[in-house]
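# Coordinates in review
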Amino acid sequence: MKQISLRALAELSASALASPRSRANLNLHEQLADPVQRLAIAMEPDTYVRPHRHPQTWELLFPLRGRFVVLHFDDDGVVTGRSVLGEDSAILENPAGQWHAVLSMDAGGVIFEVKHGPYRPLDAADCAPWSPAEGVAGAARLNAWYAHARPGQRYAP
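Please read these numbers as outputs of a predicted model, since none were measured by experiment.

## Section: the packing of aromatic side chains
- Considering all chains together, one arrives at 4 aromatic pairs under this definition.
- Aromatic side chains Tyr48 and Tyr146 sit 6.5 Å apart centroid to centroid with 15 degrees between the ring planes, which places their arrangement in the stacked category. With Tyr48 in the loop between β2 (36-43) and β3 (59-65) and Tyr146 in helix α2 (residues 139-146), the pair connects residues that are 98 residues apart, well separated along the chain.
- What makes Tyr48 buried here is its relative accessible area of 7%.
- The exposure class assigned to Tyr146 is buried, which follows from its relative accessible area of 1%.

In structure tokens form, the structure reads like this:
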């Protein structure tokens, strides 16, 4: 039996706080090659999730602790959908190929993710070309914009 205890969630959040990226994950799958990836991801509000897509798989997200803004975008960076997991939604499935980004709204937030494996790092083509890369000037500003972005809006650097 596999389980994630409340203590493990607290330890995962502590690991995220200590991480330069303000993020840490706990995998339930045993290998990166497993056909189904299942993981808890602790994310602090300052962690930047660059808008990206997974062309080969859908991605299921649900909050274990805290609230998370999930934004969907069109190819030009216009917000086409917004959901707040843990507030107005309990579970969200991003379709394969859908541009999306996630923002943790609360300190100590942990989200659970399920998607098809094997694990595949994002290709440059799967990162939104209109968004800054992690660690680049403008990334923190875009991350802050996620909190109030609404459908029909486009990020203006």
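Read on, since the account is not over.
## As for the sheet that holds strand β5 (residues 79-85)
- Within the open sheet, the 3 strands sit side by side as β5-β4-β7. Their pairing is antiparallel. Bordering the open sheet on either side are β5 and β7 (99-104), each of which pairs with just one other strand. Ignoring which end each strand starts from, the neighbouring axes of this sheet average 15 degrees apart.
- Taken together, the 6 bridges between strand β4 (residues 68-73) and β5 define a ladder with antiparallel strand orientation. Residue His72 lies in a different strand from β5, and its bridge partner there is Gly81.

## Description of the pairing of strand β8 (residues 109-116)
- Burial analysis of β8 places 7 of its 8 residues in the buried class, which makes it a mostly covered element.
- With 8 bridges connecting them, β2 and β8 associate as antiparallel partners. Bridge pairing links Ala42 to Val110 in β8.
- In this structure, β3 lies alongside β8, joined through 6 bridges in antiparallel fashion. Residue pairing for β8: Leu60 is matched across the bridge by Val114.

## Overview of the sheet that holds β8
- The strand order β1-β2-β8-β3-β6 describes an open sheet built from 5 strands, whose pairing is antiparallel. The sheet is open, and its two borders are formed by β1 (23-27) and β6 (92-94), each paired with just one other strand. Sheet twist, expressed as the mean angle between neighbouring strand axes with direction ignored, is 25 degrees.
- In the packing of helix α1 (residues 6-18) onto the sheet, the strands contacted are β1, β2, β3 and β8, and the crossing angle to β1 comes to about 145 degrees.

Rules used throughout
Residues numbered from 1 in each chain as written. Predicted model: local features only at pLDDT ≥ 70, side-chain atom pairs only at ≥ 80, totals over all residues. Heavy atoms only, no water. Phe/Tyr/Trp six-rings, centres within 6.5 Å; stacked < 30°, edge-to-face > 60°. Helix = DSSP H or I, 4+ residues; strand = E, 2+ residues; numbered from the N terminus. Buried < 20%, exposed > 50% of the residue type's maximum accessible area, 1.4 Å probe, protein only. Pairing = 2+ DSSP bridges. Axes fitted to C-alpha atoms, helices over the stretch in contact; angles between N-to-C directions. Contact = heavy atoms within 4.5 Å.

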